[in-house]
Amino acid sequence: MGDFAARDVPRSVGTRIVSARRPRCPGARGCENPPVPDSLRPSDLPALLGRRRLLRTSVLALAAGALGAGTLGGCGRIALGGPEEYTPPPPGIDDLYRRDLLALLERSIAGAEALTSTSSGGDPALAADLTVLVAALPVQRRALLTGAEQEREVEASEDPDPEATTAPDPTDVPDDLPALLAVLVELRDLAADASRQVSGSLARATSALAAHSAWIALRLRTSSGTGEVPASPSAEDLVPRRDVPATDPPSIGAEEDYRSAIERAQQEEWYAGYVHEVLAARSEGEEREAHLARTELHRTRADQLAAVAEEDGAPVVVRQAVYALPGGQLDEATAGTLPTTLSQGLLLDHLALTGAAPFERRPLSIAAALAEAELLAGRVDRMDPLPGLVAEDPPPADG
């Protein structure tokens, strides 16, 4: 059965990422400041000793105890005046990917805003896609900030400190559409790689970010007629690319979430295969071939998911001979919109499965979500900044 361990502290459902790592004392040995032996406590000294003499006597007594025959043996170096200074652990895999994704998002925001301001009055389709991108990028960036980072930004905007240092402007900002597309493709691929390795709660957000980036990149490529958008990563391409720090604490994912998510994904893939088979039967030529190809794709995915579910002890969904169609029979209007509805549902199903699945089970759903997002690029002109997640408003500043 797959390993349900997920790195870092799992977050609640939503887009806000909160780092809640408890500080640990460096060097988990017996004690920091050992007790003074009873025979040497200052309380046993004459009450009339002056304060300065009492302090001097206490220090001498403590030193004598430390050099004694073994009362404090094994406690290590004595730190007078309190515990040793806390050294925070190095960044975990979530933090490393978050840092790089935020840098790419900041470059994308700067480039998209500049292009929007210079392309006003141009092609309406391109202007509409740029507007969608400009609105989505800040939402995605905020979703990757920790709660403390969000609060600091709100406080800085509402009550700026004139002496505080401001973050430097992003470098290597894209200055034309081909360059912006290149950054969006880089963002798509890095978010997909992150989804393979980070904690489940963060993977839900990064996989949604990857899907939206894949969708808007193709939208901009079509509306602008410029730039290149390489194919998104396949499941075979999605392998661990970074070493996970040894200090990353494991936590246990919810097995029930995984079981229900993989069961639903199987059901929807089998259903999509059946619907496209029905649509192929009432079509001709290239349209028929396209529906047959989709039928094969969905049934292959369903088979793969079923094999994984069986190996992991999750529910296995068996393909049915017939499935119910909307309204009993497909009229022309429903037949025209049903493929889009199926892709939108499958996108959300695979994003949910990515966030719930063990690490090694994620590539299939990451790749499937990217493929459905790319298909939707030619069918819908709107997509939530983080599909399937509700973006939280910035936290209010205190006071």
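Below or above, wherever it landed, is the structure these notes cover. (Residues numbered from 1 in each chain as written. Predicted model: local features only at pLDDT ≥ 70, side-chain atom pairs only at ≥ 80, totals over all residues. Heavy atoms only, no water.)

## Some remarks on the overall build of the protein
We count it as follows: Secondary structure elements are taken from DSSP: a helix is a run of H or I of four residues or more, a strand is a run of E of two residues or more, and numbering for both begins at the N terminus. Each residue gets one of three labels from its accessible area relative to the maximum for its type: buried under 20%, exposed over 50%, partly exposed in between, using a 1.4 Å probe on protein chains only. Pairs of residues are marked as contacts when any of their non-hydrogen atoms sit within 4.5 Å. Using a 1.4 Å probe, accessible areas were evaluated by the Shrake-Rupley method; residue-level cover was limited to the displayed protein chains.
Broken down by element type, the protein carries 10 helices and 2 strands. Going from the N terminus to the C terminus, the protein shows its helices and strands as β-α-α-α-α-α-α-β-α-α-α-α. Among the 399 residues that make up the protein, the fraction classed as buried is 43%. Taking the intrachain contacts of the protein between residues at least 6 apart in sequence as the baseline, contacts between residues at least 24 apart amount to 85%. If you sum the accessible surface of the protein, you get close to 21,300 Å²; carbon and sulfur atoms cover 54% of it.

## A word on the environment of V322
One can find V322 in the loop between α8 (285-312) and α9 (332-356). A relative accessible area of 57% places V322 in the exposed class. Each C-alpha atom, one on V322 and one on V275, is 9.6 Å from the other, the two residues being 47 residues apart in sequence.

## Considerations on the packing of aromatic side chains
Selection criterion: Planes of paired rings set the category: under 30 degrees apart is stacked, over 60 is edge-to-face and the rest tilted, where pairs are Phe, Tyr or Trp rings (Trp by its six-membered ring) whose centres lie within 6.5 Å.
Counted under the stated rule, the structure contains 2 aromatic pairs. With a centroid separation of 5.9 Å and 75° between ring planes, the pair formed by Y271 and Y323 is classed as edge-to-face. Here Y323 lies in the loop between α8 and α9 and Y271 lies in helix α7 (residues 255-281), a separation of 52 residues in the sequence. For the pair Y271 and Y323, one class covers both residues: buried. Taking 5.5 Å as the distance between ring centres and 50° as the angle between the ring planes, the aromatic pair formed by Y274 and Y323 counts as tilted. Of the two residues, Y274 sits in helix α7 while Y323 sits in the loop between α8 and α9, which places them 49 residues apart along the sequence.

## A closer look at the environment of R98
Applied cut-off: Two N or O atoms form a polar contact when they lie within 3.5 Å of each other; inside protein one atom must be a possible hydrogen donor and the other a possible acceptor, and for residues adjacent in sequence the pair counts only when both atoms belong to side chains.
In this structure, R98 sits in helix α2 (residues 93-118). On the accessibility criterion, R98 (8% relative accessible area) is buried. Separated by 96 residues in sequence, R98 and A194 have C-alpha atoms that sit 8.6 Å apart. One polar contact links R98 to E149, side chain to side chain, over a distance of 3.2 Å.

## Thoughts on the packing of α2 against helix α3 (residues 124-144)
Stated precisely, the cut-off is as follows: Helix axes use the C-alpha atoms of the stretch in contact, all axes being lines fitted to C-alpha atoms, and the angles between their N-to-C directions lie in the range 0 to 180 degrees. Orientation labels follow simple angle bins: below 35 degrees gives roughly parallel, above 145 gives roughly antiparallel, 65 to 115 gives roughly perpendicular, and whatever is left gives oblique. Should the near helix be turned anticlockwise from the far one by less than a right angle, the crossing is termed left-handed; should it be turned clockwise, right-handed. Following the grouping adopted for this structure description, the nonpolar residues are Ala, Val, Leu, Ile, Met, Phe, Trp, Tyr, Cys and Pro, the charged ones are Asp, Glu, Lys and Arg, and the polar ones are all others, Gly among them.
Contact geometry for α2 and α3: axes closest at 9 Å, N-to-C directions at 155°. Relative to α3, the element α2 lies roughly antiparallel. Helix-helix and strand crossings are classified by hand; for α2 and α3 the assignment is left-handed. Judged by residue contacts, R98, L101, L102, L105, E106, S108, I109, A112, E113, L115 and T116 of α2 engage L130, L133, V134, L137, P138, Q140, R141 and L144 from α3. Of the residues that constitute the contact of α2 with α3, the class distribution is 12 nonpolar, 3 polar and 4 charged.

## Quick notes on a negative patch on the surface
As a reminder of what qualifies: What goes into a patch is any residue over 30% in relative accessible area without a salt bridge, connected to like charges within 9 Å or, for nonpolar side chains (Val, Leu, Ile, Met, Phe, Trp, Tyr), within 5 Å. In the sections that follow, a salt bridge refers to a side-chain nitrogen of Lys or Arg positioned within 4 Å of a carboxyl oxygen of Asp or Glu. By the counting scheme adopted, Arg and Lys are positive, Glu and Asp are negative, and His together with the chain ends is not counted. Each charge is placed at NZ for Lys, CZ for Arg, CG for Asp and CD for Glu.
A surface patch of like charges, here negative, comprises E155, E158, D159 and D161. The topology assignment puts D161 in the loop between α4 (147-158) and α5 (177-197).

## Considering the pattern of salt bridges
All chains considered together, the criterion is met by 20 salt bridges. In this structure, E106 and R141 form a salt bridge, with 3.5 Å as the shortest nitrogen-oxygen distance. Pair noted here: E106 is in helix α2 and R141 is in helix α3, with a separation of 35 residues, a long-range link. E311 is the partner of R361 in a salt bridge, and the nearest nitrogen-oxygen pair spans 3.3 Å. Here E311 lies in helix α8 and R361 lies in the loop between α9 and α10 (362-376), a separation of 50 residues in the sequence. Three or more residues joined by partner-sharing salt bridges are found here, namely E269, R294, R301 and E372.

## Topic: unusual backbone geometry
Phi angles above zero are rare outside glycine, and D172 is one such case at about 55°. Among the residues examined, D172 registers a relative accessible area of 57% and is labelled exposed.

## What about the nonpolar core?
Selection criterion: To define a nonpolar core, start from buried Ala, Val, Leu, Ile, Met, Phe, Trp, Tyr and Cys residues and group those joined through side-chain atoms within 4.5 Å.
Grouped together as the largest cluster of nonpolar side chains are 56 residues, with contacts concentrated most on L101, L133, L180, L209, W215, L220 and L347. No other element matches helix α6 (residues 200-224), which puts 12 residues into this core. Ignoring sequence-local partners within four residues, the contact set of L101 consists of L144, L187, L190, A191, A194, T206 and L209. Counting residues in hydrophobic clusters, the runner-up holds 15 residues, among them Y271, A272, L325 and L346.

## Thoughts on the packing of α2 against α5
Closest axis-to-axis distance for the α2/α5 pair is 10 Å, and the angle between their directions is 160°. Of the possible angle classes, the one that applies to α2 and α5 is roughly antiparallel. Between α2 and α5 lies a crossing whose hand is left-handed. Here α2 contributes I93, Y97, D100, L101, L104, L105, R107, S108, A112 and L115 to the contact with α5, which in turn contributes L177, L180, V183, L184, E186, L187, L190, A191, D193, A194 and Q197. For the contact of α2 with α5, the class distribution of residues is 15 nonpolar, 2 polar and 4 charged.

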